[in-house]
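One-letter residues, chain by chain:
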Amino acid sequence: MEDGDNFVVNQPPPAPAEQDDHNDNNSSREDFGKMLHGCEHYRRRCKLRAPCCNEIFTCRHCHNDAKSALSNPKERHELVRHDVKQIVCAVCDTEQQVAGICSKCGIKFGEYYCEICRFYDDDTTKGQFHCDDCGICRVGGRENFFHCRKCGSCYSVDLRDNHLCVENSMKNHCPICYEFLFDSVKGTTIMKCGHTMHMECYTEMIHQNQYRCPICSKSVLNMSRTWERLDLEIEATAMPEEYRYEVPILCNDCNCTGRAFFHILGHKCKHCNSYNTRMIGTGEDPQ
C-alpha cells in the first residue's frame, strides 16, 4: 500500500525489534552494490551527465580524459563539477536530479557524498572531506590538514607555521608536467622557496640530478655538503693563467650580486657560499 503514512496514523508504534528490522532493511537496501561499481578513479553507484556535452561519464576525470584526447582542439573541454545537475543510477539505470540516494531503488550512490561538489565515493578509507575555503573535496582526513589562506589551499598540519607562503601557489600549473595543481588528484609538495609541484615530478627531477626550483631557480635541498665538495675540486683544479680573472655573478639562492674568479666547475657566492649562481655578463663590478 503506497499511502503507508495514512495507514498507520492511529496505530501504536512498532515494537523495538520491528524498528530494528526496518532499519536493517533500509541499511541493507542503501548498501546494495557497494564497492561494485565505478571506474579507475572512484568506487560509486552512479554516473554523471555532463552538462557541457550532454554525455554520461562515471566521473569528471573519465570525462576530462576522453575530451582531452579529441583530435579537434576546439572540442576539448573539462567538466565543471559544480555544474552537474543530473545523475544516472548504476543499479537501476534511472536518471534523476543530483541526490545522495536513488529515488527509485533506494541505494546510496556513494558512502561519501558531497552535494556541493557532486562527489560520490564508496571507498571512505581515503578520508574525504569538503573544504569550504578551497570550495572542493579533499582526501587524507580533515584532522590532518589546515587551509592556508595566503597560499590558497589545504596543506598538511606539519606545515602550519612551517612553510614559506607564496600567494595562490597551488592555483598554478606544475612546472614539470603543467597539470593544474589545485584540483589535481596527484600528491603535491612545497619546496623551500614556497613554490609547489607534483611529488612524483619532484622525485623525478631530483633523480635527474636537478636541484633547482624550475620557477625561481633556488636550491630545493640543503646543498652545503655539495658546495664543500666543489670547494675541494676547484682548489685542486687550477685554471690556466689566461682564464684567471673575475666575472660578475648573480646568486639564485640569496639574490645577491658579486664577483668570483672564473672557473669551469662553478662560481661561489661570497654572501651565502652557494654555487647556485650564474654569470650576468662582463664589465664593471655590479656592486
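The model shown is predicted, which means the values in this text are computed figures rather than measured ones.

S.K.: Quick question: what am I supposed to make of the environment of T58 here?
M.R.: You can see T58 is positioned in the loop between β2 (56-57) and α3 (60-68). In this structure T58 comes out as buried when scored by relative accessible area, which is 14%. Residues T58 and E40, spaced 18 residues apart in sequence, show a C-alpha to C-alpha distance of 9.5 Å. Residues in contact with T58, not counting those within four places in the same chain, are G38, C39, R44, C46, K47 and L48.

S.K.: What am I meant to see in the pairing of strand β13 (residues 246-251) here?
M.R.: Along any regular strand, the residues point their side chains to alternate faces of the sheet. Here β13 lies mainly inside the structure; 5 of its 6 residues are buried. Across 5 bridges, β13 lies against strand β14 (residues 257-261) in antiparallel orientation. Following the sheet pairing, V247 is matched in β14 by A260. Remark: 5 residues form the turn of the hairpin made by β13 and β14, two consecutive strands paired antiparallel; N255 in that turn has positive phi of roughly 65°. The pairing of β13 with strand β15 (residues 277-279) spans 3 bridges and is antiparallel. When the sheet's bridge partners are listed, L250 is paired in β15 with R278.

S.K.: What exactly am I supposed to notice about the sheet that holds strand β4 (residues 95-97) here?
M.R.: Sheets are built from strands paired through backbone hydrogen bonds, the pairs being either parallel or antiparallel. Strands sit in the order β2-β1-β3-β4 across an open sheet of 4 strands; the sheet is antiparallel. Two strands lie at the open edges of the sheet, namely β2 and β4, each paired on one side alone. Here strand β1 (residues 46-49) pairs with strand β3 (residues 86-89) via 4 bridges, running antiparallel. When the sheet's bridge partners are listed, K47 is paired in β3 with V88.

S.K.: Please clarify how the sheet that holds β13 should be interpreted in this entry.
M.R.: Pairing is antiparallel in the open sheet, where 3 strands are placed in the order β14-β13-β15. Only two strands of the sheet have a single neighbouring strand rather than two, namely β14 and β15. Sheet twist, expressed as the average angle between the axes of neighbouring strands with direction ignored, equals 45°.

S.K.: Sorry, what's going on with the nonpolar core here?
M.R.: Proteins that are soluble and globular tend to have nonpolar side chains buried together. In terms of nonpolar packing, the biggest core is built from 16 residues, with Y155, M191, M197, Y202 and V220 touching the most fellow members. Those elements that place two or more of their residues in this core are β9 (145-148) and α4 (199-207). In terms of residue count, the dominant contributor to this core is α4 (3 residues). Excluding anything up to four places from it in sequence, M197 contacts C174, P175, I176, L181, G187, T188, T189, M191, Y202 and M205. One finds F129, C131, C134 and C137 within the second-largest nonpolar core, a separate group that totals 14 residues.

S.K.: Sorry if this is basic, but what is going on with the side chain of S184 here?
M.R.: Tracing the backbone through its elements, the reader meets S184 in the loop between β10 (153-156) and β11 (188-190). Judged by its relative accessible area of 13%, S184 is buried. Polar side-chain contacts of S184 include one of 3.1 Å to the backbone nitrogen of K186.

S.K.: Sorry, what's going on with the pattern of salt bridges here?
M.R.: Side-chain pairs of opposite charge can arise where the charged atoms are in close proximity. By the definition in use, this model includes 13 salt bridges. For K186, the salt bridge is made with E200, and the minimal N-O distance between the two is 3.5 Å. Within this pair, whereas K186 is found in the loop between β10 and β11, its partner E200 is found in helix α4, the two being separated by 14 residues in sequence. For K186, a relative accessible area of 33% gives the class partly exposed.

S.K.: Honestly, α4 in this entry has me stumped. Any pointers?
M.R.: Spacing of three or four residues puts side chains on the same side of an α-helix, whose turn is 3.6 residues. Every buried residue belonging to α4 is among C201, Y202 and M205, and all of these are buried. Around the axis of α4, the buried residues are gathered within 100° of arc, so they sit on the same side. Where α4 is buried, its residues touch β11 and β12 (196-198). Phi turns positive, to about 60°, at N209, one or two residues after α4.

Rules behind the numbers
- Residues numbered from 1 in each chain as written.
- Predicted model: local features only at pLDDT ≥ 70, side-chain atom pairs only at ≥ 80, totals over all residues.
- Heavy atoms only, no water.
- Helix = DSSP H or I, 4+ residues; strand = E, 2+ residues; numbered from the N terminus.
- Buried < 20%, exposed > 50% of the residue type's maximum accessible area, 1.4 Å probe, protein only.
- Contact = heavy atoms within 4.5 Å.
- Pairing = 2+ DSSP bridges.
- Axes fitted to C-alpha atoms, helices over the stretch in contact; angles between N-to-C directions.
- Core = buried A, V, L, I, M, F, W, Y, C linked by side-chain atoms within 4.5 Å.
- Polar contact = N/O pair within 3.5 Å; in protein donor to acceptor, adjacent residues only side chain to side chain.
- Salt bridge = Lys/Arg side-chain N within 4 Å of Asp/Glu carboxyl O.
- Arc of directions from axis to C-beta.

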